[in-house]
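Reading the structure
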Amino acid sequence: MNRRKKHAQLSEFWRRFRKNKAAVLGLILLVLIIGMAVFADLIVPYSKCIEQVGADRLQGPSLKHFFGTDELGRDLFARIVHGSRYSLLIGLATSLMTLVVGAILGASAGYFGGVVDNVISRIMDVFMCVPPILLSLAVVAALGTNLRNLIIAITVSCIPGNVRLIRSVVLTTAEQDYVEAAKSYGTSNARIIFRYVLPNAMGPIIVNTTMSISDMMLSAAGLSFIGMGIQPPSPEWGALLSNAQTYLFSAPYMLLFPGMFILLSSLAFNLVGDGLTDALDPKLKD
């Protein structure tokens, strides 16, 4: 019976999701981009990213080099394909870390209230006084410029907003009758939070997490663009844009293709997030 119920819920979810044509388009784009990252080595060898061919430097798009070459003769198509791994890794890793920390702090603040809520909320308010990009810059400047520190920096800057969202959702969910019933049976607070409260508040959390991935990818690209993120010769998309500034007029394709993939990735996550909003919102049921 439970299996049939879950199947019916999934079917209804998919029916509502696919009604949003833009969301379906975003899902297709997302699947293609993720597939490109997963199968990057099969699409083009990584050696093409770092192979320097002086005779091929600054060549425009052609059948030999689909997206052209950079100033060192490296194949831009190969660098963008393998660069997708950096961008997706940063987006997914930071969103997961933000979700875990935000769930613990936000659920604790919303469920316990009182002193716990005040302490957590005031600490988050302090962090939210600083613009996220400046906070990320400060963390990177303190820790150093590499992939791990970039993920930590973006995570730190995104946690306050996620905590506030989860707190607001939990405040409503914690007042439901089933939570009060669980308390009356002597169920531990941790079990109530992770077994009853958070699962029933996952709709807005999932939507926010999905849509925030694009913001995190853009933040990573922005930090790499100004030299505070992933450093060359790693083919991260923001670093590719930074490298292409010098050749804006002589080789504009060096800016076009990395920028296009950053735009498409961000658009895909936002469209999917918009579709999830429609599919998970009970007020939209027929």
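A few points on the structure.

Definitions and limits used
Residues numbered from 1 in each chain as written. Predicted model: local features only at pLDDT ≥ 70, side-chain atom pairs only at ≥ 80, totals over all residues. Heavy atoms only, no water. Core = buried A, V, L, I, M, F, W, Y, C linked by side-chain atoms within 4.5 Å. Buried < 20%, exposed > 50% of the residue type's maximum accessible area, 1.4 Å probe, protein only. Helix = DSSP H or I, 4+ residues; strand = E, 2+ residues; numbered from the N terminus. Contact = heavy atoms within 4.5 Å. Phe/Tyr/Trp six-rings, centres within 6.5 Å; stacked < 30°, edge-to-face > 60°.

So, the nonpolar core
F67, L76, I80, W237 and M254 are the most contacted members of the largest nonpolar core, which has 36 residues in total. Elements represented by at least two residues in this core include exactly α2 (21–38), α5 (76–112), α11 (202–225), α12 (237–244) and α13 (253–280). At ten residues, α13 tops the list of elements feeding residues into this core. When near neighbours in sequence (up to four residues on either side) are disregarded, W237 contacts M36, I80, G83, S84, S87, M217, P258, F261, I262 and S265. Among the nonpolar cores identified, the runner-up in size contains 15 residues, and A107, Y111, V179 and L198 belong to it.

Notes on the packing of aromatic side chains
Each aromatic ring pair is described using two quantities: the centre-to-centre distance and the angle formed by the ring planes. Following the criterion strictly, the structure yields seven aromatic pairs and no others. Between F67 and F77, the ring centres sit 5.2 Å apart and the planes meet at 80°, which makes this aromatic pair edge-to-face. With F67 in the loop between α4 (47–50) and α5 and F77 in helix α5, this residue pair connects regions lying ten residues apart in the sequence. Centroid distance W237 to F261: 5.8 Å. Interplanar angle 45°. Geometry classified as tilted. One end of the pair, W237, is in helix α12; the other, F261, is in helix α13, with 24 residues separating them in the sequence. Each of the two residues, W237 as well as F261, counts as buried. Put simply, the rings of F66, F67, F77, W237, F257 and F261 pair up and form one aromatic cluster.

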